[in-house]
Amino acid sequence: MGGVSNVPLIKDGKRLDGRKPDELRDVRIEAGVLERADGSAYLEWGSNKVLAAVYGPQEVLPKHLSDPTKAVLTYRYNMAPFSVDDRKRPGPDRRSVEISKISAEALEKVVLLEQFPNTMIKVFVEVLQAEAGTRCAALTAASVALADAGIPMRDLVVACAAGKINDTVVLDLGKSEDNFGQADVPIAIVPHTGEIVLMQMDGDLTRDEYTQALDLAVKGSMQVYELQKDALKRRYGGVVDEQ
Ligand code: ADP
């Protein structure tokens, strides 16, 4: 990532996997896949496979974390050892701690935490297979799992990345694009308000390219938002509450 790479990633207007610059990988979401969690979701995004589970609102442990004004939301992003080419060392690392922190902060913007003082809502996301874009896949699945748990939310949170490869702004970078591309900008939004609740950037973009990337990432997010709602409708039937 970053700099100018000589690796050809676009040929005749198509990317290596055949996608157009503004095309998402295939995304598939299923809500309510685990019996023992209060809410859950399974999501495939290209070759990424993630499982999200939600518990709560429940008793706060350890007790000193308890907040009398709102629920405490925790988020654990974890990559399975078998999720990447070289076996990943099990357990948290700097990257997973950072992703967990910013993802919790994104969800805190939509979950009605103030309705559940002195409780804890725990979100766990396991990345079973990783192929670039896992933080977006994880957060998108977590949001569906929270809704599946019946936890009141202002809206879902949906995440998607855009970036730059071979001097072209593209949507939703795949693995080789992430490795040899010039920039990657994952974002998460609250679809109804357009509020951006997560944004990171790896690599360099001009101001114009940044605007294009942001525009693409928002459009991609809105497509994934439809799939989140479809997953919840398939599970619960009827129309998902549109505020
Ligand atoms: P994201 O998955 O959100 O795009 P990164 O940009 O940090 O996050 O990682 C891009 C990809 O690099 C991951 O999806 C995964 O395929 C791979 N990767 C990340 N961390 C590791 C690791 N510790 N070992 C092997 N591959 C990794």
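Just above sits the structure.
About the cut-offs
- For every chain, the first residue of the written sequence is number 1, and numbering continues from 1 along that sequence.
- At least 70 in pLDDT is required for a residue's local features to be given in this predicted model, at least 80 for side-chain atom pairs to be given and counted, and no such filter applies to totals for whole chains, interfaces and linings, which use all residues.
- To get the side-chain values, take all heavy atoms of the structure and skip hydrogens and water.
- Only DSSP runs of H or I reaching four residues or more are called helices, and only runs of E reaching two or more are called strands; each is numbered from the N terminus.
- We compute the radius of gyration from the C-alpha atoms alone; for a globule the expected value is 2.2 Å times N to the 0.38, where N is the number of residues.
- Think of it in three bands: residues with accessible area under 20% of the maximum for their type are buried, residues over 50% are exposed, and the middle band is partly exposed, with areas taken using a 1.4 Å probe on protein chains only.
- Residue contacts are defined here by distance: any two heavy atoms, one from each residue, within 4.5 Å place the two residues in contact.
- Surface exposure here means Shrake-Rupley accessible area, sampled with a 1.4 Å probe, where a residue is shielded only by the protein chains that are shown.
- Only four residue types enter the charge count, namely Lys and Arg as positive and Asp and Glu as negative; His and the chain termini do not.
- A charged residue contributes its charge at one atom only: NZ of Lys, CZ of Arg, CG of Asp or CD of Glu.
- Polar contact is the term for a pair of N or O atoms within 3.5 Å; when the atoms are in protein, one must be able to donate a hydrogen and the other to accept it, and sequence-neighboring residues count only if both atoms are side-chain atoms.

Asker: How would you explain the overall build of the chain if you had to name every residue and give the values?
Answerer: Counting its regular elements, the chain contains four helices and 12 strands. Relative to its length of 243 residues, the chain is compact, with a C-alpha radius of gyration of 18 Å against a globular reference of 18 Å. With respect to the principal axes defined by its C-alpha atoms, the chain has extents near 55 × 40 × 35 Å. Counting across all 243 residues of the chain, residues that qualify as buried make up 48%. Restricting to contacts in the chain with at least 6 residues of sequence separation, those with at least 24 account for 69%. Accessible surface, the chain as shown: approximately 11900 Å² in total, 50% of it carbon and sulfur. Between the centroid of the 30 positive side chains of the chain and the centroid of its 37 negative side chains there is a distance of 3 Å.

Asker: Go over the side chain of Gln200, please, and point to the residues and values.
Answerer: For Gln200, the location among the structural elements is in the loop between β11 (195–199) and β12 (202–203). With a relative accessible area of 18%, Gln200 lands in the buried category. A distance of 2.8 Å separates a polar atom in the side chain of Gln200 from a polar atom in the side chain of Glu98. Residues in contact with Gln200, not counting those within four places in the same chain, are Glu98, Ile102, Arg135, Asp184, Val185 and Pro186.

Asker: Describe unusual backbone geometry, with residues and values.
Answerer: The amide bond that connects Gly56 to the next residue, Pro57, takes the cis arrangement and shows omega of 0°. Tracing the backbone through its elements, the reader meets Pro57 in strand β5 (residues 48–59). Of note, the amide linkage connecting Leu61 to Pro62 takes the cis form, showing an omega dihedral of -5°. At Asp12, a residue that is not glycine, the phi angle is positive and equals roughly 50°. By the secondary structure assignment, Asp12 is in the loop between β1 (10–11) and β2 (14–15).

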